[in-house]
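One-letter residues, chain by chain:
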Amino acid sequence: MIKEKADHPIAVTRSSLPPLEEYVEMLKPLWESAWLTNMGEYHREFAELLKQYLQTPNLELFVNGHMALELTLQAMGLHGEVITTPFSFASTTHAIVRNGLTPVFCDINPVDYTLDVDRLEALVTERTAAIVPVHVYGNICDMDRIGEIANRHHLKVIYDAAHTFGETYDGRGIGQYGDASMFSFHATKVFHSIEGGAVAFQDEGLAGVLYELKNFGITGYESVDSVGANGKMNEFQAAMGILNLRRVDEDIDRRRALAMRYRERLAGTEGIRLCPENPRVRYNYAYMPVVFDGYRKDRDQIFSELADADIHARKYFYPCINDFKCYRDRYHAEDTPVASRISRQVLTLPLYAQLEPEIVDLICDIILR
Ligand SMILES: *Cc1c(COP(=O)(O)O)cnc(C)c1O
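Residues numbered from 1 in each chain as written. Predicted model: local features only at pLDDT ≥ 70, side-chain atom pairs only at ≥ 80, totals over all residues. Heavy atoms only, no water.

The residue Asp 293 is located in the loop between strand S14 (288-292) and helix H9 (299-308) in this model. Residue classification places Asp 293 among the partly exposed residues on the basis of a relative accessible area of 31%. Counting along the chain gives 268 residues from Asp 293 to Glu 25, while the straight-line C-alpha distance between them is 50 Å. Beyond its immediate stretch of four places on either side in the chain, Asp 293 contacts Gly 271, Arg 273, Arg 341 and Gln 345. A polar contact is formed between the side chain of Asp 293 and the side chain of Gln 345, at a distance of 3.3 Å. (Helix = DSSP H or I, 4+ residues; strand = E, 2+ residues; numbered from the N terminus. Buried < 20%, exposed > 50% of the residue type's maximum accessible area, 1.4 Å probe, protein only. Contact = heavy atoms within 4.5 Å. Polar contact = N/O pair within 3.5 Å; in protein donor to acceptor, adjacent residues only side chain to side chain.)

With that out of the way, let us pick up helix H6 (residues 206-214). Taken together, the buried positions of H6 are Leu 206, Leu 210, Glu 212, Leu 213 and Lys 214. Residues of H6 that are buried in the fold lie against helix H2 (41-53), strand S1 (59-62), helix H3 (65-75), strand S9 (197-201) and strand S10 (218-220). With its phi angle positive at about 65°, Phe 216 sits one or two positions after the end of H6.

Let us now look at the sheet that holds strand S15 (residues 346-349). Strand order in the open sheet made by the three strands is S12-S14-S15, with antiparallel pairing throughout. The open sheet has two free edges, formed respectively by strand S12 (272-273) and S15, since each of these has just one partner strand. Bridge analysis of S12 against S14 gives two bridges, and the strand direction is antiparallel. Bridge assignment links Arg 273 to a residue of S14, and that residue is Val 291. Sitting on the sheet, helix H8 (residues 248-266) is in contact with S12, S14 and S15, with an inclination near 20° to S14. Helix H10 (residues 337-345) contacts S12, S14 and S15 of the sheet and is inclined by roughly 50° relative to S15. (Pairing = 2+ DSSP bridges. Axes fitted to C-alpha atoms, helices over the stretch in contact; angles between N-to-C directions.)

The subject of this paragraph is the domain arrangement of the chain. Domain annotation for the chain reports domain 1 (20-245) and domain 2 (248-368). Tallying the contact residues gives 39 residues for domain 1 and 35 residues for domain 2. Of the roughly 3400 Å² buried at the junction of domain 1 and domain 2 (both faces included), carbon and sulfur atoms supply 60%. On the domain 1 side of the interface with domain 2, the three residues burying the most area are Tyr 113, Tyr 137 and Val 190, jointly 21% of the side's total. The interface formed by domain 1 and domain 2 holds one salt bridge in total. Residue Arg 280 pairs with Asp 170 through a salt bridge whose shortest N-O separation is 2.8 Å. Viewed at the interface, domain 2 and domain 1 are joined by 16 residue pairs in polar contact (both at pLDDT 80 or more). Put simply, the parts of the chain that give the side of domain 1 that touches domain 2 at least two residues each are helix H4 (90-97), strand S3 (102-105), strand S6 (168-169) and helix H7 (235-245). Of the residues forming the side of domain 1 that touches domain 2, the biggest block, four residues, is contributed by H4. Residues that form the side of domain 1 that touches domain 2 fall into these classes: 21 nonpolar, 13 polar and five charged. (Domains from an automatic or database assignment. Buried area = accessible area lost by both parts, 1.4 Å probe. Salt bridge = Lys/Arg side-chain N within 4 Å of Asp/Glu carboxyl O. Nonpolar A, V, L, I, M, F, W, Y, C, P; charged D, E, K, R; others polar.)

This part takes up the packing of aromatic side chains. Per the counting criterion, the structure on display carries 20 aromatic pairs. Between Phe 46 and Phe 191, the ring centres sit 6.1 Å apart and the planes meet at 40°, which makes this aromatic pair tilted. Within this pair, whereas Phe 46 is found in helix H2, its partner Phe 191 is found in the loop between strand S8 (180-184) and S9, the two being separated by 145 residues in sequence. There is no split in this pair, since Phe 46 and Phe 191 are both buried. With a centroid separation of 4.9 Å and an interplanar angle of 80°, the aromatic rings of Phe 105 and Tyr 331 are classed as edge-to-face. With Phe 105 in strand S3 and Tyr 331 in the loop between H9 and H10, the pair connects residues that are 226 residues apart, well separated along the chain. Over the aromatic face of Phe 62 sits the side chain of Lys 214, whose NZ or CZ is 5.5 Å from the ring centroid. (Phe/Tyr/Trp six-rings, centres within 6.5 Å; stacked < 30°, edge-to-face > 60°. Lys NZ or Arg CZ within 6 Å of the ring centre and 35° of its normal.)

Moving on, we come to the pattern of salt bridges. Opposite charge on two side chains allows them to pair when their charged atoms are near. All chains considered together, the criterion is met by 23 salt bridges. With its nearest N and O atoms 3.1 Å apart, the salt bridge here joins Glu 25 to Lys 28. Highlighted residues: Glu 25 and Lys 28, both in helix H1 (residues 20-33), separated by three residues, approximately one helical turn. For Glu 25, a relative accessible area of 47% puts it in the partly exposed group. When its relative accessible area of 43% is taken as the criterion, Lys 28 is described as partly exposed. Residue Glu 121 is joined to Arg 152 by a salt bridge in which the shortest nitrogen-to-oxygen separation is 2.9 Å. Pair noted here: Glu 121 is in the loop between S3 and strand S4 (128-132) and Arg 152 is in helix H5 (residues 143-152), with a separation of 31 residues, a long-range link. Given a relative accessible area of 32%, Glu 121 falls into the partly exposed group.

Each pair of packed helices can be summarised by the angle the axes make with each other and by the distance between the axes. Put simply, H8 and helix H11 (residues 357-368) touch, their axes get as near as 10 Å, and they point 25° apart. One element, H8, and the other, H11, form an angle in the roughly parallel class. The handedness of the crossing between H8 and H11 comes out as right-handed. Listed contacts from H11 to Leu 258, Arg 261, Tyr 262, Arg 265 and Leu 266 of H8 are Pro 357, Val 360, Asp 361, Ile 363, Cys 364, Asp 365, Ile 367 and Leu 368. In terms of residue class, the contact of H8 with H11 is made up of nine nonpolar, no polar and four charged. (Parallel < 35°, antiparallel > 145°, perpendicular 65-115°, else oblique. Left-handed = near helix turned anticlockwise from the far one by under 90°.)

This is the structure:
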């Protein structure tokens, strides 16, 4: 006899939180100093801890991942076109457009849904300045070939690494690849600081520029040198990040066990596709994407059957960015057919550290029944 319904609503994700007393304890020094933001003590400490955890010598904190990406593109002084994929969160393309740059959409590959490197070089023109590939769902892009093409054409590579907190490739922190990588610490991510983000980068010279840009371009009490924004992470965010960093490995272990449970049940079913795992990557199990391709029920039907059981999976990412109202007059989803098809077939199933294994079983029962 299988259960029919979850006994409480199940969302696709749920934020991990430290014990409230620990957070309150962290707040006491803030009440004493009244230093709440503008690169305080927790900001400094959090940045140092992250450099170690992410194995990256150069790192700058931001109020969120989006500002980290937007200001990194600005800091690099790019002009012209930027190649990216439409199979991502709105932030990736918005960061490009809000810098006055022109996005050029490259299709994704049908295996792990990252940028299709076989289509990349054909999109490079004399106006191309950079590539912004997305390590979508925690799947690592083909960084060797992206790097090779970028070198040949003198292009910057800025990874949207919002989904890859703590992942390693060949044992090296993922932030060591490309020119820069943006991480998001939003409440819905594997690791969070309520809202928050960081950029890891190779060129040490970028540190000062990023710092200046996240602080309005201010360089001294009486000098403002660049058209910056407000991208500063505050002390409450940094305190939350410091506490969550202590538990993130435990959370990832739990996520791994749940992801394995999903895989055991769903793998090998005709019409159900799971992402392959690359042995060179240490994953963080941020998401559980499942593609229904020729399965006896389609994505939308499974979405509704789960919703009827009070389980709320997400059509993540649907629609594709080039089909958003704000872009569709200039771009066409048909130009990236793989992204367009996957966005109609993919469902991201609930996955978070505190998810009960029985709910994973229930979800699989509903999918397979
Ligand atoms: C979450 C996310 C972002 C933006 O991060 P925020 O911290 O929410 O600003 C950017 N890109 C992708 C792929 C994301 O999932």
